[in-house]
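Structural features, examined
These are the residues of each chain, in order.
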Amino acid sequence: MAANALDELAWRGMVYASMDGVSDLLANQKVTVYNGFDATADSLHIGHMVPLIALARLQRFGHHPIAVAGGGTTMIGDPSGKSAERNLMTQDAIEYNVECIKKQLSHFLDFDLKSNPARLVNNADWLLKLNLVEFLRDVGKHFTVNYMLAKDSVRTRLEREEGLSFTEFTYMLMQSYDFLHLYDTLGCQLQTGGSDQWGNITAGAELIRRMRGGQAYGLVYPLITKADGTKFGKTESGAVWLSAERTSPYAFYQFWMNTDDRDVVNYLKVFTFLTQERIEELASSVVERPEAREAQRVLAREMTATMHGDTALERAEAATQVLFGGEISGLGAAEIAEIFADVPSSALPKSQFEGEGTPLVDVLVSSGLSKSKGDARRSLGEGGIYLNNRRAADANVTLNDVIDGQFVVLRKGRKNYALIKVQ
RNA sequence: GGGCGGUUACCCAAGUGGCCAAAGGGGACUGACUGUAAAUCAGUUGGCAGAAGCCUUCGGAGGUUCGAAUCCUUCACCGCCCA
């Protein structure tokens, strides 16, 4: 670990911009620092992990982290980085989301630490009480419209046809007020966020200076980029979530496992707590033995264990072994059920497999792997269909193919699986 | 309100009476190669049957014709120009 927190974040490539004085601040005192998390969904996704892990790093350096759940600001919608007006959410939905997010934060932040425990606050607690006239007089007074219009987040939206609503325009004031409130009540001096938050953060620091004559600071993280130019955190099936209900531990593990060689070292720096020496070791393994995928495996292990625990990690790894070419024949029904838990499944009555059995083509269609019988025949002709992980020809599926009288495992191509439950 | 142009498969886009289940590109899928990578090469990409063949599809509805994505009528939507 580097001598001070900013150096640590810097070598990990996590400092996109910081206000003058942040370095001294973090080096010389234990700072109270906050980062906001919006509450638009009942789970955080991988995109939220950069600020979250950065907050956890700061905690390890003895600083006091605060996670602010945006129960209040989510009702408004941040225009930063958004191309269109956000749908407004009901208060109940947001409250439920805040509850769920709280649990996820605790995987990274230590809320029970004696010296500098993490805290979670909900900005709905103070924002919803605000009185409009007071707010305009006390906070609005300190901002000129000119200043607000000059911010990137506002300007880019103004250049678009749709414009932005007054509600969204005021988002910056709400976030500034959050910072002021935390400065007043918890002595918070530093706010962090993604690089798109720079405008909102500096506005808050400005408000603190004007209203309290105090010094507050901002630090923003870079956007995570991918070497192939696509957006980080998305797969074909959508965003990668932290909750096991939305993204299974196996899928989560696989997401990290599939990291591009060109990105993996960067991710190790940003997302894991591994030491510089260890990361350099892994970096050279990427160069020397890329086929071993050691860096990807370590990354996937670290992330999955932190988020979902050791048991979930073991299961994900066991499933990985089988799902990537492993032999199925030795496995029993219980193991199959567990390994293929994430795989789309469908049920067929046992009678279908008795005697003559059912043509494989029909089973493929009912499993959803093929969209029509013609499609299924085509795939079979291409040699792309595997029955219980062995390349199959067009034939009937009989009881001999049913594992333990319960399951048939179908695969199309390298990794499209379907599980048939025989009942 | 007037004039013109457009609407084709997942997307873009050719096709102006039969040789059209419909060119080409993208995407996607499969195979070979491989490292669960990238690149490359090959194949597939409406349904039923899989030998021939049959059925459904070119914005919707109706019509002309032996025969329509293609011609006519009408409706809907989109774009551009004029009021």
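Preceding this section is the structure that the text describes.
Worth saying up front: this structure is predicted, and the values here are computed from it rather than measured.

Across the sheet, which stays open at both edges, the five strands sit in the order β9-β15-β14-β11-β12 with mixed pairing between neighbours. On the outer flanks of this sheet lie β9 (345–348) and β12 (390–391), each paired with one strand and no other. Bridge analysis of strand β11 (residues 385–387) against β12 gives two bridges, and the strand direction is antiparallel. Paired with Y386 across the bridge in β12 is R391.

A word on the environment of N258. Looking at the secondary structure, you find N258 in the loop between α12 (249–257) and α13 (261–271). On the basis of relative accessibility, which here comes to 46%, the residue N258 falls in the partly exposed class. In the structure, N258 is positioned 26 residues away from F232 in sequence and 12 Å away in space, judged by C-alpha atoms.

Time to look at unusual backbone geometry. Backbone geometry at R293 places phi at a positive 55°, although glycine is not the residue there. Using a relative accessible area of 29% as the deciding quantity, one classes R293 as partly exposed. In this model, D404 sits at a positive phi of 55°, which is unusual for a non-glycine residue. Positionally, D404 belongs in the loop between β13 (396–397) and β14 (407–412).

Attention now goes to helix α16 (residues 310–323). Between its first and last C-alpha, α16 extends 20 Å over 14 residues, near the 20 Å set by a 1.5 Å rise per residue. Of the residues making up α16, those classed as buried are A312, L313, A316, A319, T320, V322 and L323. Packing partners of the buried residues in α16 comprise α12, α15 (294–308), α17 (333–339) and β15 (416–422).

Alternating residues of β9 divide into S346 and L348, all buried, and S345 and A347, none buried. The pairing of β9 with β15 spans four bridges and is classified as parallel. Counted as the bridge partner of A347 is K421 from β15.

A few words now on the pairing of β15. Among the seven residues in β15, five count as buried, and that is most of the element. Two elements, β14 and β15, share six bridges in a ladder whose sense is antiparallel. Bridging across to β15, F407 finds its partner in K421. If you look at the hairpin formed by β14 and β15, you'll find three residues sitting between the two strands, and G413 has a positive phi there, around 70°.

As a further point, take a nonpolar patch on the surface. A surface patch of nonpolar side chains, amounting to about 320 Å² of accessible area, comprises L132, V133 and L136. Judged by relative accessible area, which is 59%, L132 ranks as exposed.

Packed helix pairs are characterised by how far apart their axes lie and by the angle those axes make with each other. Remark: α12 packs on α15, axes separated minimally by 8 Å, with the N-to-C direction vectors making an angle of 145°. For the element pair α12 and α15, the recorded crossing hand is right-handed. Residue-level contacts link P249, F252, Y253, W256 and M257 of α12 to Q296, R297, L299, A300, R301, M303, T304, M307 and H308 of α15. Per-class residue counts for the contact of α12 with α15 are nine nonpolar, three polar and two charged.

This part takes up the nonpolar core. Residues I46, M49, L190, W256 and F271 are the most contacted members of the largest nonpolar core, which totals 61 residues. Among the elements that line this core, the one with the most residues is helix α3 (residues 49–60), at eight residues. If we ignore the near neighbours within four places in the chain, the residues touching M49 are F108, L242, W256, F271 and M303. V68, V121, F169 and L207 belong to the second largest nonpolar core, which has 25 residues in total.

Attention now moves to the sheet that holds strand β4 (residues 119–122). The strand order β1-β6-β5-β2-β3-β4 describes an open sheet built from six strands, whose pairing is mixed. The open sheet terminates on both sides in strands that have one partner only, identified here as β1 (17–18) and β4. The sheet contact formed by strand β5 (residues 190–194) and strand β6 (residues 217–221) spans five bridges and is parallel. For G193, the partnering residue across the bridge sits in β6 and is V220. Across the sheet, helix α10 (residues 171–186) lies against β2 (32–38), β3 (64–70), β4, β5 and β6, angled at about 145° from β2, the strand it touches most.

The next point concerns helix α19 (residues 373–381). Owing to its 3.6 residues per turn, the α-helix aligns residues three or four sequence positions apart on the same side. For α19, the set of buried residues is D375, A376, S379 and L380. Along the long axis of α19, the arc covered by the buried residues comes to 140°, so they all point the same way. Exposed residues on α19 whose side chains face more than 90 degrees from its buried face are R378 and G381. Phi turns positive one or two residues past the end of α19, at G383, with a value near 75°.

Before going further, it helps to spend a moment on the pattern of salt bridges. Scanning the entire structure with this criterion turns up 16 salt bridges. Where E317 meets R301, a salt bridge forms, and the shortest distance between an N and an O atom there is 2.8 Å. Here E317, found in helix α16, pairs with R301, found in helix α15; they are 16 residues apart in sequence, far enough to count as distant. Here D375 makes a salt bridge to R378, at a shortest N to O gap of 3.5 Å. In this pair, D375 and R378 are both assigned in helix α19, three residues apart and thus about one turn of the helix distant. D375 sits in the buried class, given a relative accessible area of 13%. Take R378: its relative accessible area is 53%, and that puts it in the exposed class. Each of E206, R209 and R210 takes part in salt bridges that share partners, so that together they form one network.

How each quantity is defined
- Residues numbered from 1 in each chain as written.
- Chains lettered and ligands numbered in written order.
- Predicted model: local features only at pLDDT ≥ 70, side-chain atom pairs only at ≥ 80, totals over all residues.
- Heavy atoms only, no water.
- Pairing = 2+ DSSP bridges.
- Helix = DSSP H or I, 4+ residues; strand = E, 2+ residues; numbered from the N terminus.
- Buried < 20%, exposed > 50% of the residue type's maximum accessible area, 1.4 Å probe, protein only.
- Expected span 1.5 Å × (residues − 1).
- Contact = heavy atoms within 4.5 Å.
- Patch = residues over 30% accessible without salt bridge, like charges linked within 9 Å, V, L, I, M, F, W, Y side chains within 5 Å.
- Areas by Shrake-Rupley, 256 points an atom, 1.4 Å probe, with all protein chains shown as cover.
- Salt bridge = Lys/Arg side-chain N within 4 Å of Asp/Glu carboxyl O.
- Axes fitted to C-alpha atoms, helices over the stretch in contact; angles between N-to-C directions.
- Left-handed = near helix turned anticlockwise from the far one by under 90°.
- Nonpolar A, V, L, I, M, F, W, Y, C, P; charged D, E, K, R; others polar.
- Core = buried A, V, L, I, M, F, W, Y, C linked by side-chain atoms within 4.5 Å.
- Arc of directions from axis to C-beta.

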